[in-house]
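Observations on chain architecture
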Amino acid sequence: MENEKRYSDMTEIELKQEIARLREKARKAEQLGIVNEFAVYDRRVTMAQAYLLNPEDFKPGKLYELTTDPGQYFKVEYMNGVFAWGYRINGDGQEEGIPISLLNK
């Protein structure tokens, strides 16, 4: 296995290159009908995108619309790195952590 760099250690340029590489792999997996592989690459793109954002732009106590589910809102209780922890409004009440790249500012 190649020695991969952590997203947190990558520069902005490296992150953008990684996102482009992952999107291409996801596109190929989708074309081949490999749903599980597509989902993995798509999730990795979401994680890499989170590292391009500033966690300080997301404030505890505020509501943010989810990019993957328009009309669905997420209330941030606290931040931990590039993850926002909180609850989906009208959800099941379970606390969850999601990458900040899934939140609309």
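Within every chain, residues take consecutive numbers counted from 1 along the sequence as written. Local features in this predicted model are restricted to residues whose pLDDT is 70 or higher, and side-chain atom pairs enter the listing and the counts only when it is 80 or higher, whereas totals over whole chains, interfaces and linings include all residues. Working from all heavy atoms in the structure, the side-chain values ignore hydrogens and water.

**Regarding the nonpolar core**
Definition in use: In plain words, nonpolar cores are sets of buried Ala, Val, Leu, Ile, Met, Phe, Trp, Tyr and Cys residues tied together by side-chain atoms within 4.5 Å. A 1.4 Å probe rolled over the protein chains alone gives each residue an accessible area, and that area as a share of the maximum for its type sets the label: buried under 20%, exposed over 50%, partly exposed in between. Each helix corresponds to a stretch of at least 4 residues labelled H or I by DSSP, and each strand to a stretch of at least 2 residues labelled E; elements are numbered beginning at the N terminus. It only takes one pair of heavy atoms within 4.5 Å for two residues to be counted as in contact.
Ala50, Phe58, Tyr64, Leu66, Phe74, Val76, Val82, Ala84, Ile98, Ile100, Leu102 and Leu103 form the largest nonpolar core, which has 12 residues in total. Mapped by element, the contributors of at least two residues to this core are strand 1 (63-66) and strand 2 (69-80). Setting aside its immediate chain neighbours within four residues, Tyr64 contacts Asp57, Phe58, Lys59, Gln72, Tyr73, Phe74, Val76, Leu103, Asn104 and Lys105.

**Quick notes on the pattern of salt bridges**
Put simply, the rule is: Criterion for a salt bridge: a side-chain nitrogen of Lys or Arg within 4 Å of a carboxyl oxygen of Asp or Glu.
Under the defined criterion, the tally for this structure stands at nine salt bridges. Between Arg44 and Glu4 there is a salt bridge; the shortest N-O distance is 3.2 Å. Here the residue Arg44 occupies a position in helix 2 (residues 35-50), and Glu4 occupies one in the segment before helix 1 (12-31), the gap between them amounting to 40 residues. Lys5 is the partner of Glu14 in a salt bridge, and the nearest nitrogen-oxygen pair spans 3.0 Å. Using a relative accessible area of 27% as the deciding quantity, one classes Glu14 as partly exposed. Within this structure, Glu4, Glu18, Arg21 and Arg44 form a network of salt bridges that share partners.

**Considerations on the packing of helix 1 against helix 2**
Inclusion rule: In this analysis an axis means a line fitted to C-alpha atoms, helices contributing only their contacting stretch, and an angle means the value between N-to-C directions, from 0 to 180 degrees. Note on angle classes: values under 35 degrees are labelled roughly parallel, values over 145 roughly antiparallel, values of 65 to 115 roughly perpendicular, and the remainder oblique. The sense of a crossing depends on the near helix, which, turned anticlockwise from the far helix by less than a right angle, makes the crossing left-handed and, turned clockwise, makes it right-handed.
Close contact between helix 1 and helix 2 brings their axes to 8 Å; oriented N to C, the two are set at 160°. Overall, the two elements helix 1 and helix 2 adopt an arrangement that is roughly antiparallel. Classified by chirality, the crossing of helix 2 by helix 1 is left-handed. Between helix 1, through Leu15, Glu18, Ile19, Arg21, Leu22, Arg23, Lys25, Ala26, Ala29 and Glu30, and helix 2, the contact on the second element is made entirely by Glu37, Phe38, Tyr41, Arg44, Val45, Ala48 and Gln49.

**A closer look at the domain arrangement of the protein**
Which entries qualify depends on this criterion: An automatic or database domain assignment supplies the residue ranges for each domain. Once two parts are brought into contact, the accessible area they lose, counted with a 1.4 Å probe and summed over both, makes up the buried area.
Each assigned domain of the protein is listed with its residue range as follows: domain 1 (7-51) and domain 2 (55-104). A straight line from the C-alpha centre of domain 1 to that of domain 2 covers 21 Å. Taking both sides of the interface into account, the surface hidden between domain 1 and domain 2 amounts to around 500 Å²; carbon and sulfur atoms contribute 76%. Taken as a group, Thr46, Met47 and Ala50 account for 67% of the area that domain 1 buries against domain 2, more than any other trio of residues on that side. At the boundary of domain 1 and domain 2, one finds zero salt bridges.

**Brief notes about a nonpolar patch on the surface**
Which entries qualify depends on this criterion: Two joining distances apply to patches: 9 Å for like charges and 5 Å for nonpolar side chains (Val, Leu, Ile, Met, Phe, Trp, Tyr), and every residue must have over 30% relative accessible area and no salt bridge. For every accessible area listed, the method is Shrake-Rupley and the probe measures 1.4 Å; residues are considered covered only by the protein chains on display.
On the surface, a cluster of nonpolar side chains totalling about 250 Å² of accessible area is made up of Leu63, Tyr73 and Ile89. Position of Ile89 among the secondary structure elements: in the loop between strand 3 (83-88) and strand 4 (96-99). A relative accessible area of 32% places Ile89 in the partly exposed class.

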